[in-house]
There are 2 protein chains.
Amino acid sequence: MMMLWCFYRCLFFVSLLNNVDLTSRKHHGKALILDGIIQCTEHDEFSYQEMISFLPLCAHPSPAKVLIVGGGDGGVAREVHKHPLVKEIVQVEIDAEVIEASKRYLPFMAVGFDSDKLTLNICDGFQYMKEHKDEFDVIITDSSDPIGPAVNLFTESYFGLLKGALRSGGIICSQNGTVWAGLDHVKETMEHCRKHFTTVKYAVASVPTYPSGQIGFVVASLDERDLTVPKHRFGEKELGEMELRYYNSEIHSASFVLPNFVRKVLQ
Amino acid sequence: MMMLWCFYRCLFFVSLLNNVDLTSRKHHGKALILDGIIQCTEHDEFSYQEMISFLPLCAHPSPAKVLIVGGGDGGVAREVHKHPLVKEIVQVEIDAEVIEASKRYLPFMAVGFDSDKLTLNICDGFQYMKEHKDEFDVIITDSSDPIGPAVNLFTESYFGLLKGALRSGGIICSQNGTVWAGLDHVKETMEHCRKHFTTVKYAVASVPTYPSGQIGFVVASLDERDLTVPKHRFGEKELGEMELRYYNSEIHSASFVLPNFVRKVLQ
């Protein structure tokens, strides 16, 4: 706790709306906070955005059409745009205020909305998927924590909706908490996912400003396949051109390697 | 920051000495704090202790004699004791107060001092190594952060001392900060190490209560060898019998896989 204070040397706080806040910190840069929970900071947002995007994209041999559910800061769109095999991105975000706040205060993330591959809809993702079945190769759910409305994005029925919206061979990736302070919930979410998906795996990424300094993802496919080995591997030069600061093919595989106390519960 | 407060629901603070503090928290259990910096908490200490111990032990084909520099809480001794090939452990800790505090308040760590393989010396590790050359297969440096006296444990001369105390084929492992808030220092320490060691690698472990939620280790050998592949692999049954909650052979290799922003600087 004391060491964390050392990071925050200079702070000013801008409160825009009831539940959307932005702050700026000398070490961490700008931070987006929803309902009191840090969603991203300028310092380390890239690890989350890159991993939630490239884990499913690179596990798929040809991720032409991608759906993003949530992701109102624009970070996932920014990353998905980079993948050379992605032709079309549809994003469904229910909260226009987050988008506007991001465009105004987090341009390094909102740049994702400038993607010429992107169609952005302000709407209910649940309803959208009911009306767009069998359409997508990859669906990424970039949600807030399962507190409040977002709790519905971790349910069995939600994974059923994802399944319906996927094309054959489709892959999903959803934010799925931290094993250090919510292992039971991680397990429960994966069990919900297993009701609809054949292969279900858990991967982790280092994100210092998130609780426990780590975030996990459930990555799943309709068919049986090895999600831990990327089908598309980028060389050093490509990684540099795409400005990927975290993701690489080796860390793709390594991110699925879990400590024993987690394996015992999840596998 | 706000989420971190959610972890600390119940707190009482016991100040024993000038710079050694212990606290107790409902979620994290007891915590040892030296000079205001968290050294370990009951909740997540095992990941650090297991990795700093088993990375070098399992990278070595026959780690018979092990030196621990520092480690006054007993956690490293506890882990090193478990390895079936370890016959003898020598520990040198300069601060008897830490040992006494650990024995009194952190019995789950101080149990390491009960190892029948262990000889514990209260002395200066630098002086000890000058007098014990060519003796050890593995040397583990479990130090506090490079602030104050511990800064000497990250210097080129220190790595020279380690080299002198190692037997042929010897391997070292030292705590080496976090890439998220001290990448320059991590790089500098590794460069110091490279002046004396042929193979020098960096590995990471997840430790939520440390700054950035992650700690790194420099692992090095006098000769050229692949430190990322364990020479000794434990099966599931063995891992259970040794009560290893974090370390396994797959995470040994995975821990050396680094994100791009780190690779660019360290490799």
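What you see is a predicted model; the values in this text were computed from it and never measured.

**Points about the sheet that holds strand 10 (residues 199-206) of chain B**
Residue and element names in this part refer to chain B. Taking strand neighbours across the sheet as the criterion, the seven strands line up as 7-6-5-8-9-11-10 in an open arrangement whose pairing is mixed. Every other strand in the sheet has two partners, leaving strand 7 (118-122) and strand 10 as the edge strands with one partner each. If you compare each strand with its neighbour and ignore which way they point, the axes differ by 15 degrees on average. Sheet analysis places strand 8 (residues 136-142) next to strand 9 (residues 166-175), joined by five bridges and oriented parallel. Bridged to Thr 141 within strand 9 is Ser 174.

**Let's talk about the side chain of B:Gln91**
All names here are of chain B. The topology assignment puts Gln 91 in strand 6 (residues 88-93). Residue Gln 91 is classed as buried on the basis of its relative accessible area of 0%. One polar contact links the side chain of Gln 91 to the main-chain carbonyl oxygen of Gly 70, over a distance of 2.8 Å. Those residues in contact with Gln 91 that sit more than four places away from it in its chain are Ile 68, Gly 70, Gly 71, Gly 72, Ala 77, Phe 113, Leu 118, Thr 119, Leu 120 and Asn 121.

**Notes on the sheet that holds strand 11 (residues 214-221) of chain A**
Residue and element names in this part refer to chain A. If you trace the seven strands from one edge of the open sheet to the other, you get 7-6-5-8-9-11-10, paired in mixed fashion. Only two strands of the sheet have a single partner each, and these edge strands are strand 7 (118-122) and strand 10 (199-206). Between one strand axis and the next, the sheet turns by 15 degrees as a mean value, whatever way the strands run. Examined bridge by bridge, strand 10 and strand 11 share eight bridges and lie antiparallel to one another. Note that in strand 11 the partner of Val 204 across the bridge is Gly 216.

**Details of the pairing of strand 11 (residues 214-221) of chain B**
Residues and elements named next belong to chain B. Within strand 11, eight of the eight residues are buried, leaving the element largely enclosed by the surrounding structure. Neither face of strand 11 is open: one carries Gln 214, Gly 216, Val 218 and Ala 220, the other Ile 215, Phe 217, Val 219 and Ser 221, and all of them are buried. Where strand 9 meets strand 11, five bridges bridge the pair, whose relative direction is antiparallel. Within the sheet, the bridge partner assigned to Ile 172 lies in strand 11 and is Ala 220.

**Overview of the packing of aromatic side chains**
Under the counting rule described, the total for this entry stands at 20 aromatic pairs over all chains. Measuring from centroid to centroid gives 5.7 Å for B:Tyr48 and B:Phe217, while their planes differ by 40 degrees, and the two rings are tilted. In this pair, B:Tyr48 sits in helix 2 (residues 45-59) while B:Phe217 sits in strand 11, placing the two residues 169 residues apart along the sequence. The pair formed by B:Tyr48 and B:Phe217 is uniform in burial state, with each residue classed as buried. Through successive ring pairs, a cluster of aromatic residues spans A:Phe46, B:Trp180 and B:Phe261. Directly above the aromatic system of B:Phe136 lies the positively charged group of B:Lys65, at a separation of 5.2 Å from the ring centroid.

**Some points on helix 7 (residues 156-165) of chain A**
A:Tyr158, A:Phe159, A:Leu161, A:Leu162 and A:Ala165 are the residues of helix 7 of chain A that are buried. In an axial view of helix 7 of chain A, the angular spread of the buried residues amounts to 155 degrees, which keeps them on one side of the axis.

**Regarding empty space enclosed by the protein**
Tallying each qualifying case throughout the model produces three cavities of 30 Å³ or more. Space inside the largest cavity adds up to approximately 410 Å³. As for the largest cavity, its lining consists of 31 residues, of which A:Val204, A:Gln214, B:Val204, B:Gln214 and B:Tyr246 are closest to the centre. For the lining of the largest cavity, the elements supplying multiple residues, two or more each, are helix 8 (179-194), strand 10 and helix 10 (249-254) of chain A together with helix 8 (179-194), strand 10, helix 10 (249-254) and helix 11 (260-266) of chain B.

Reading the values: rules and limits
- Residues numbered from 1 in each chain as written.
- Chains lettered and ligands numbered in written order.
- Predicted model: local features only at pLDDT ≥ 70, side-chain atom pairs only at ≥ 80, totals over all residues.
- Heavy atoms only, no water.
- Pairing = 2+ DSSP bridges.
- Helix = DSSP H or I, 4+ residues; strand = E, 2+ residues; numbered from the N terminus.
- Axes fitted to C-alpha atoms, helices over the stretch in contact; angles between N-to-C directions.
- Buried < 20%, exposed > 50% of the residue type's maximum accessible area, 1.4 Å probe, protein only.
- Polar contact = N/O pair within 3.5 Å; in protein donor to acceptor, adjacent residues only side chain to side chain.
- Contact = heavy atoms within 4.5 Å.
- Phe/Tyr/Trp six-rings, centres within 6.5 Å; stacked < 30°, edge-to-face > 60°.
- Lys NZ or Arg CZ within 6 Å of the ring centre and 35° of its normal.
- Arc of directions from axis to C-beta.
- 1 Å grid on protein atoms, 1.4 Å probe; cavity = no way out; pocket = protein on both sides within 12 Å on 5 of 7 lines; lining within 4 Å.
- Points joined across faces, edges and corners; volume = space filled by probe spheres on them.

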